[in-house]
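# Chains, contacts and geometry: an overview
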Amino acid sequence: MGVSKDYRPVRKAIFPVAGLGSRFLPATKASPKEMMPVVDKPLIQYAVEEAVKAGITEMIFVTGRTKRAIADHFDKAYELEHQLEKSGKTQLLKIAREVVPKGVSFTYIRQTEALGLGHAVLTAAHLIGEEPFAVLLADDLISPQASALGQLIKQYELFGNSIIAVQSVPSPEISAYGVISGPKHADRLFLLDNIVEKPKFEDAPSDKGVTGRYIFTPPILDKLRVLQPGAGGEYQLTDAIQALLSQERVFAYEFEGVRYDCGSKMGLLRANIELGLEHPETSRDLHKYLKAKVLPESQDPK
Ligand code: UTP
């Protein structure tokens, strides 16, 4: 299996961050869902770091009202840096500076109305041109060491086709996802023959749920341009992917790594606990705390 003749490197990524985040009200009334922290980093920073690691150099944010904090986060913080420098807090200064990756550009574009994920991606179409591009949904946090986008890009380099991340969701929860079906093409790789948004559990064409990482070839933009509203009255990216299937191959890749649905309260709590158990500053105390809180004394192995 060699590199596809159509292969062009993926350098651009769209981060749609214009959703209302209503499941997190009141936290999201005046500040973006994507700025909510997991341990000590906002969700959007995990996604940007994943993209940088995968070789992305152009970050495109589709933002909405209340999202200015995201642009501020990826900007130089002169006053903060000056204060930290003056007080000799060099480690914290390093952390503040490292938020802005080197050799990477940031562009912000407004989606004036939250009309759906498909509409959000289309809002950035003029910044994409004739190149393949990635889409990352920051509220789907994937264990950072997994480099989920890097896994997709490796597959893209083999085939040169659009490819979407999926994971197995063997429960009624699948009806909250886009769901794919199609034959196995290689290890963890499926050739799509169908994709539906939020099917009923009994109608789901498989147990493979779409997760917030995608690589697209430019023809997806033409499909988005003629898209009609779908499930929930929103312009659904899923429907554009379904339309793309009639024109070219699309793959789904069952990535390795744990995904936390940080668009939901339970997902965000789980991510904080699991990443907190791995974080060098919190690991020991959190272990101790959870053991004391969760295990009744009689079950304590000590
Ligand atoms: P969600 O389906 O999680 O919607 O969007 P939401 O509005 O953010 O959250 P709830 O359901 O009201 O709690 C998935 C991703 O698509 C983006 C969101 O910001 C999120 O990253 N999105 C969604 C947009 O950028 N624009 C939209 O119109 C809709």
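As shown above, the structure is provided for reference.
## Topic: the overall build of the protein chain
Scanning the protein chain for helices and strands turns up ten helices and 15 strands. Each principal axis of the C-alpha distribution contributes one length, and for the protein chain these read about 60 × 55 × 40 Å. Looking at the protein chain as a whole, 48% of its 302 residues are labelled buried. Long-range contacts, defined here as pairs at least 24 residues apart, represent 75% of the contacts in the protein chain between residues at least 6 apart.

## Examining the side chain of Thr238
If you trace the backbone, Thr238 turns up in helix α8 (residues 237-244). Its relative accessible area of 8% is what places Thr238 among the buried residues.

## Observations regarding the environment of Leu84
Positionally, Leu84 belongs in helix α3 (residues 78-86). In this structure Leu84 comes out as buried when scored by relative accessible area, which is 12%. Residues Leu84 and Lys94, ten residues apart in the sequence, show an inter-C-alpha distance of 9.5 Å. Leaving out residues up to four positions away in the same chain, Leu84 has contacts with Lys89, Leu92, Leu93 and Ala96.

## Examining the pattern of salt bridges
Evaluated as defined, the whole model comprises 14 salt bridges. Notably, a salt bridge pairs Lys41 with Glu49, separated by 2.8 Å at the nearest N-O pair. Given a relative accessible area of 22%, Lys41 falls into the partly exposed group. A salt bridge links Glu197 to Lys198; the nearest nitrogen and oxygen atoms lie 2.9 Å apart. Connected through salt bridges with shared partners, the residues Lys76, Glu81, Glu85 and Arg97 form a single ionic network.

## Details of the pairing of strand β1 (residues 12-16)
For β1, the buried fraction is high: five of the five residues fall into the buried class. Of the two faces of β1, both are covered, the one formed by Lys12, Ile14 and Pro16 as well as the one formed by Ala13 and Phe15. Pairing geometry for β1 and strand β4 (residues 58-63), over five bridges, is parallel. Bridge pairing links Pro16 to Val62 in β4. One ladder, built from three bridges, connects β1 with strand β6 (residues 133-136); its direction is parallel. Bridge pairing in β6 places Ile14 opposite Val135.

## Considering the site of the ligand
The full set close to the ligand counts 17 residues, and Leu20, Ser22, Lys33, Gln111 and Gly116 are the nearest of them. Here the ligand loses 83% of its free accessible area of 570 Å² to cover by the protein chains. The pocket occupied by the ligand, as judged from atoms lying within 2 Å of grid points, is the largest pocket.

## Overview of α8
Of the positions making up α8, those classed as buried are Leu237, Thr238, Ala240, Ile241 and Leu244. Seen end-on, α8 carries its buried residues on one side only, within an arc spanning 160°. Where α8 is buried, its residues contact α5 (117-123), β8 (162-168), β12 (194-197), β13 (208-216), α7 (219-225) and β14 (250-254).

## As for the packing of α3 against helix α4 (residues 90-98)
Interaxial distance between α3 and α4 falls to 8 Å at its minimum, and their mutual angle equals 160°. With respect to their mutual orientation, α3 and α4 come out roughly antiparallel. Pair α3 / α4 crosses with left-handed handedness. Mapping the contact onto sequence places Leu80, Glu81, Leu84 and Glu85 in α3 and Leu92, Leu93, Ala96 and Arg97 in α4. Split by residue class, the contact of α3 with α4 holds five nonpolar, no polar and three charged.

## Remarks on helix α1 (residues 43-53)
Residues lying three or four places apart along an α-helix face the same way, a consequence of the helix completing one turn every 3.6 residues. The element α1 is largely enclosed, with a buried count of eight among its eleven residues. Listing the buried residues of α1 in full gives Leu43, Ile44, Gln45, Tyr46, Ala47, Val48, Glu50 and Ala51. Two residues or fewer after α1 comes Gly55, characterised by a positive phi angle close to 95°.

## Focus: the layout of surface pockets
The volume enclosed by the largest pocket comes to roughly 1200 Å³. In this structure, the largest pocket is lined by 42 residues; those nearest its centre are Arg23, Lys33, Leu137, Asp139 and Lys198. Considering only residue class, the lining of the largest pocket consists of 16 nonpolar, 14 polar and twelve charged. Within this model, the second largest pocket holds a volume of roughly 500 Å³. What lines the second largest pocket is a set of 18 residues, and nearest its centre among them are Asp40, Gln45, Ile95, Ala96 and Val99. Those elements that provide at least two residues to the lining of the second largest pocket are β3 (41-42), α1, α2 (68-73), α3 and α4. A total of three residues in the lining of the second largest pocket trace back to one element, the largest contributor, which is α4.

Scoring rules and cut-offs
- Residues numbered from 1 in each chain as written.
- Predicted model: local features only at pLDDT ≥ 70, side-chain atom pairs only at ≥ 80, totals over all residues.
- Heavy atoms only, no water.
- Helix = DSSP H or I, 4+ residues; strand = E, 2+ residues; numbered from the N terminus.
- Buried < 20%, exposed > 50% of the residue type's maximum accessible area, 1.4 Å probe, protein only.
- Contact = heavy atoms within 4.5 Å.
- Salt bridge = Lys/Arg side-chain N within 4 Å of Asp/Glu carboxyl O.
- Pairing = 2+ DSSP bridges.
- Near = heavy atom within 4 Å.
- Areas by Shrake-Rupley, 256 points an atom, 1.4 Å probe, with all protein chains shown as cover.
- 1 Å grid on protein atoms, 1.4 Å probe; cavity = no way out; pocket = protein on both sides within 12 Å on 5 of 7 lines; lining within 4 Å.
- Sits in = over half its atoms within 2 Å of the grid points.
- Arc of directions from axis to C-beta.
- Axes fitted to C-alpha atoms, helices over the stretch in contact; angles between N-to-C directions.
- Parallel < 35°, antiparallel > 145°, perpendicular 65-115°, else oblique.
- Left-handed = near helix turned anticlockwise from the far one by under 90°.
- Nonpolar A, V, L, I, M, F, W, Y, C, P; charged D, E, K, R; others polar.
- Points joined across faces, edges and corners; volume = space filled by probe spheres on them.

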